[in-house]
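Each chain is listed here by its residues.
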Amino acid sequence: METIIITSETEIKKWIREILREELVTQMPKVQASAPGYDEPLLTRKEIAAYLKISLVTLHDWMNKGLPFIKRGSRVLFLKSEVLAAPKDRPAKRKYA
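These numbers were taken from a predicted model, which means no experiment stands behind them.

K.L.:
Sorry, what's going on with the overall build of the protein chain here?
P.N.:
When helices and strands are tallied, the protein chain shows 4 helices and 3 strands. In the protein chain, the share of contacts with a sequence separation of at least 24, taken over all contacts with a separation of at least 6, comes to 53%. For the protein chain, the accessible surface area stands at approximately 8,300 Å², while carbon and sulfur atoms represent 59% of it.

K.L.:
How should I be thinking about a nonpolar patch on the surface in this particular structure?
P.N.:
On the surface, a nonpolar cluster with roughly 600 Å² of combined accessible area is contributed by Ile-5, Ile-12, Trp-15, Ile-16, Ile-19 and Leu-20. Counting through the fold element by element, Trp-15 comes out in helix H1 (residues 9-34).

K.L.:
Honestly, the packing of aromatic side chains in this entry has me stumped. Any pointers?
P.N.:
Aromatic rings considered in pairs are described by the distance between their centres and by the relative angle of their planes. Scanning the model with the defined rule gives 1 aromatic pair in all. Arranged with centres 6.4 Å apart and planes meeting at 55°, the rings of Phe-69 and Phe-78 form a pair that is tilted. Under the relative-accessibility criterion, Phe-78 is labelled buried at 0%.

K.L.:
Hey, could you run me through the nonpolar core in this one?
P.N.:
General note: in soluble globular proteins, nonpolar side chains tend to be found buried as a group. In this structure, Leu-43, Ile-48, Ala-49, Ile-54, Leu-59, Trp-62, Met-63, Leu-67, Val-76, Phe-78, Val-83 and Ala-86 together form the largest nonpolar core, which totals 12 residues. Elements with a contribution of two residues or more to this core: helix H2 (45-52), helix H3 (56-64) and strand E3 (75-79). Broken down by element, the residue count for this core peaks at 3 residues, all from H3.

K.L.:
Help me out: how do you make sense of the pattern of salt bridges in this one?
P.N.:
Side chains that carry opposite charge are capable of pairing whenever their charged atoms lie near each other. Per the counting criterion, the structure on display carries 2 salt bridges. Across the pair Glu-9 and Lys-13 runs a salt bridge whose closest N-O atoms are separated by 3.2 Å. Of this pair, Glu-9 and Lys-13 both sit in helix H1, 4 residues apart, which is roughly one turn of the helix. What makes Glu-9 exposed here is its relative accessible area of 55%. Relative accessible area serves as the criterion here: at 42%, Lys-13 is assigned to the partly exposed category. Close ionic contact of Asp-61 with Lys-65 constitutes a salt bridge, the shortest N to O distance being 3.3 Å. The class for Asp-61 is partly exposed, based on a relative accessible area of 32%.

What counts, and at which threshold
- Residues numbered from 1 in each chain as written.
- Predicted model: local features only at pLDDT ≥ 70, side-chain atom pairs only at ≥ 80, totals over all residues.
- Heavy atoms only, no water.
- Helix = DSSP H or I, 4+ residues; strand = E, 2+ residues; numbered from the N terminus.
- Contact = heavy atoms within 4.5 Å.
- Areas by Shrake-Rupley, 256 points an atom, 1.4 Å probe, with all protein chains shown as cover.
- Patch = residues over 30% accessible without salt bridge, like charges linked within 9 Å, V, L, I, M, F, W, Y side chains within 5 Å.
- Salt bridge = Lys/Arg side-chain N within 4 Å of Asp/Glu carboxyl O.
- Phe/Tyr/Trp six-rings, centres within 6.5 Å; stacked < 30°, edge-to-face > 60°.
- Buried < 20%, exposed > 50% of the residue type's maximum accessible area, 1.4 Å probe, protein only.
- Core = buried A, V, L, I, M, F, W, Y, C linked by side-chain atoms within 4.5 Å.

That is the geometry; function is a separate question.
Laid out in structure tokens, this is it:
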């Protein structure tokens, strides 16, 4: 015979969160191990622009021209190794005398 438990909506949501949290903890190492390049940290737009010594406007232009990036929700992130391996056909900075 099955037992029927009557509970509140809040309690059900709590159980679901706990189950999801447990699953994420057990599954994340598998996902990270199978995703190439994810052993390095993801950099923000400001961090990669500072590393490349370019403005955010220039970075945006390069992204439109094919600079690799990762979109997570509304965030834009970069793997430094992918950015450094990107084609070097970006226009050179002009120096004025």
